[in-house]
Amino acid sequence: MRTLSGRRAVWLVLKRELNTRLRTRSFVVGTGVLLVLLLGYVFFQTSLASSSDKNTVGLTGQAIGIARQLQTEAALSGREISTVVVTDPAEGRQKVEDGDIDALVSGSAAQLTATYQSSLDGELRRVLDQVAQQQVLDGVLSSAQLEPAEVMARVNGTHVRDDALSPQPADQTQRLVVGLVVAFLLYMSIITYGMMVAQGVVEEKSSRVVEILLASVRPWQLLLGKVIGLGLVGLTQLVVLAVAGLGAAAATGVFTLSGFATGAVLWGLLWYLLGFLLYATIYGALGSLVSRQEDTQSVVGPLNIILIVGFIAGFNLLVQNPAGSATKIVSLIPLLSPILMPARISTGAAAGWEIGLSLALTVALVAVLTWVGGKIYGNSVLRIGSRIKLTEALRG
């Protein structure tokens, strides 16, 4: 005789999943590994940013006189160039070969020569060109009895006027990186914890524990409690990663954490909950079709393929153009919206109506799949033996 109310039954199952999963070694180790990878990525970006904006240049001969001008031009471009005086050109070439300096600059200010290993940094080349061009221009202006400073002030004050039809935010690159990281974490979390739902169902079914549980709760209550419980476990992991990632990004300065970063995290958490409800119910329903762990992959394989193919295709579309028509269409497909839409929101490419439509379609599909998944689970979870056909489970 069932004496538990629906809410109480779901709460007990949910609590059991939380207590069991949050204390497992796999959860702690898995969270630790993801945390190390995330922090490693942040610090890797920090090192790239610092190294890409800094050059060490050796100056020899007449080029020694351009040291201050070189540093001034670099600073105007947001770069840092440190200069070292090299008295022996042969020694300077050796320093270039050894990687001690990025380039050795020689010659007169108007005819500079840069010696480098295999390729010269494009921004460094531009700065050197500016220095040489400025020297030539000053000479021409002086010969025409014009004041170089006044002429350059007029030249530098002339810019093309902007008339962008769809202007990108100044921090577009940061937005794209955050969006891609959010998409990756959501994909990993949904597929990982969705598989846990399927494996948990098979484990309870094969050990006959489910028969004891169903003496007190209904099938849909057991499935719902399991899905919500594991969903909260995954949410806990995502919150830990989000807080650590935002903290590391703020501390290192690799990202300028404006409102979009916090918004991306909040949208990501919302879409995770919807995505997990969408997929986990089906994972649980498919898991109930088999009685052995080794058969689990055969029933959830097609669902995994949808997730993997959709993620890879969507990831490539995001990199190419977050606002493109193909990206927009794919992100509106409910099975892929939980992964791609938060990334598009982060980049600022998603319009309000697109967000609203994707939310409505996803919630509608969650309702449909919850009903279908509950029916499959209820008709299959107590049947031990060979794999149950999906059509049979739907009819039962």
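Bear in mind that the values here come from a model prediction, so they are computed numbers and not experimental data. (Residues numbered from 1 in each chain as written. Predicted model: local features only at pLDDT ≥ 70, side-chain atom pairs only at ≥ 80, totals over all residues. Heavy atoms only, no water.)

Let's shift gears to the overall build of the protein. In terms of regular secondary structure, the protein is built from 15 helices and 4 strands. Of all intrachain contacts in the protein linking residues separated by at least 6 positions in sequence, the fraction that spans at least 24 positions is 75%. Counting only carbon and sulfur atoms, one obtains 60% of the accessible surface of the protein, whose full area is about 20,700 Å². (Helix = DSSP H or I, 4+ residues; strand = E, 2+ residues; numbered from the N terminus. Contact = heavy atoms within 4.5 Å. Areas by Shrake-Rupley, 256 points an atom, 1.4 Å probe, with all protein chains shown as cover.)

We now examine the side chain of Ser 358. Position of Ser 358 among the secondary structure elements: in helix H14 (residues 352–380). Taking the relative accessible area as the measure of exposure, Ser 358 reaches 0% and is therefore buried. A distance of 2.8 Å separates a polar atom in the side chain of Ser 358 from the backbone oxygen of Ile 355. In contact with Ser 358, not counting residues within four places along its chain, are Trp 271, Ser 331, Leu 332, Ser 337 and Met 341. (Buried < 20%, exposed > 50% of the residue type's maximum accessible area, 1.4 Å probe, protein only. Polar contact = N/O pair within 3.5 Å; in protein donor to acceptor, adjacent residues only side chain to side chain.)

A word on the sheet that holds strand E1 (residues 54–59). Taking strand neighbours across the sheet as the criterion, the 4 strands line up as E2-E1-E3-E4 in an open arrangement whose pairing is mixed. Every other strand in the sheet has two partners, leaving strand E2 (80–85) and strand E4 (113–115) as the edge strands with one partner each. Pairwise comparison of adjacent strand axes, ignoring direction, gives a mean angle of 30° for this sheet. Both E1 and strand E3 (residues 103–106) contribute to a ladder of 3 bridges, which runs parallel. (Pairing = 2+ DSSP bridges. Axes fitted to C-alpha atoms, helices over the stretch in contact; angles between N-to-C directions.)

What follows is about the pairing of E3. Of the pairings in the sheet, the one linking E3 to E4 comprises 3 bridges and is antiparallel in character. Each bridged residue has a counterpart across the sheet, and for Ser 106 the counterpart in E4 is Thr 113.

What follows concerns the packing of helix H11 (residues 296–320) against helix H13 (residues 337–347). Here H11 crosses H13 at 15°, and the two axes come no closer than 9 Å. With respect to H13, the element H11 is oriented roughly parallel. In this structure, H11 crosses over H13, and the sense of that crossing is right-handed. Every residue of H13 that contacts H11 at Leu 307, Phe 311, Gly 314, Phe 315 and Leu 318 is listed here: Ile 339, Leu 340, Ala 343 and Arg 344. Of the residues that constitute the contact of H11 with H13, the class distribution is 7 nonpolar, 1 polar and 1 charged. (Parallel < 35°, antiparallel > 145°, perpendicular 65-115°, else oblique. Left-handed = near helix turned anticlockwise from the far one by under 90°. Nonpolar A, V, L, I, M, F, W, Y, C, P; charged D, E, K, R; others polar.)

For soluble globular proteins, the rule of thumb is that nonpolar side chains tend to be buried together. In this structure, Phe 276, Tyr 283 and Leu 307 are the most contacted members of the largest nonpolar core, which totals 62 residues. The set of elements that each furnish at least two residues to this core consists of helix H1 (6–21), helix H2 (25–52), helix H7 (172–206), helix H9 (219–252), helix H10 (259–287), H11, H13 and H14. Ranked by residue count, the leading element in this core is H7, at 15 residues. Setting aside chain neighbours within four positions, we find Leu 307 in contact with Tyr 187, Ile 190, Ile 191, Tyr 279, Tyr 283 and Ile 339. Grouped together as the second largest cluster of nonpolar side chains are 16 residues, Ala 67, Ala 74, Ile 81 and Ala 109 included. (Core = buried A, V, L, I, M, F, W, Y, C linked by side-chain atoms within 4.5 Å.)

Here the focus is helix H4 (residues 89–98). Taking the backbone nitrogen of Ala 90 as reference, a side-chain oxygen 3.2 Å away marks Asp 88 as the first, capping residue of H4. Directly after H4, the chain includes Gly 99, whose backbone phi takes a positive value near 85°.

Of the residues in the protein, 87% reach a pLDDT of 70 or more, and the chain-wide mean stands at 80. The least confident element of the protein, judged by mean pLDDT, is helix H6 (residues 148–156) at 68; the most confident is helix H12 (residues 325–331) at 90. (pLDDT = per-residue confidence, 0-100.)

This brings us to the pattern of salt bridges. Enumeration according to the criterion identifies 7 salt bridges in this entry. Across the pair Glu 17 and Arg 21 runs a salt bridge whose closest N-O atoms are separated by 3.5 Å. Of the two residues, Glu 17 and Arg 21 are both situated in helix H1; the distance of 4 residues between them amounts to about one turn of the helix. Overall, the relative accessible area of 3% leaves Glu 17 in the buried class. The closest approach of N and O atoms between Lys 328 and Glu 354, which form a salt bridge, is 3.5 Å. (Salt bridge = Lys/Arg side-chain N within 4 Å of Asp/Glu carboxyl O.)

Another point: the packing of aromatic side chains. Considering all chains together, one arrives at 4 aromatic pairs under this definition. Relative to Phe 311, the ring of Phe 184 has its centre 6.4 Å away and its plane inclined at 50°; by these criteria the two rings are tilted. Residue Phe 184 is found in helix H7, and its partner Phe 311 is found in helix H11; the two are separated by 127 residues along the sequence. On the basis of relative accessible area, Phe 184 is assigned to the partly exposed category, the value being 38%. (Phe/Tyr/Trp six-rings, centres within 6.5 Å; stacked < 30°, edge-to-face > 60°.)

Quick look at helix H5 (residues 122–143) now. With 22 residues, H5 ought to run about 32 Å at 1.5 Å a step, and its terminal C-alpha atoms sit 32 Å apart, in line with that. For H5, the full list of buried residues reads Leu 124, Val 127, Leu 128, Val 131, Ala 132, Gln 134 and Leu 141. In the segment just after H5, Gln 145 is the residue with positive phi, at about 60°. (Expected span 1.5 Å × (residues − 1).)

What follows is about the environment of Gln 297. Within the element layout of this structure, Gln 297 appears in helix H11. Linking Gln 297 and Ala 198, residues 99 residues apart in sequence, is a C-alpha distance of 9.3 Å. Not counting residues within four places of it along the chain, the set of residues in contact with Gln 297 comprises Met 195 and Asn 304.

Another point: the packing of H13 against H14. Running from N to C, H13 and H14 point in directions that differ by 165°, and their axes come no closer than 11 Å. Judged by the angle between their axes, H13 and H14 are roughly antiparallel. In this structure, H13 crosses over H14, and the sense of that crossing is left-handed. Contacts from Ser 337, Pro 338, Met 341, Arg 344 and Ile 345 of H13 reach H14 at Glu 354, Ile 355, Ser 358 and Thr 362. The class makeup of the residues in the contact of H13 with H14 is 4 nonpolar, 3 polar and 2 charged.

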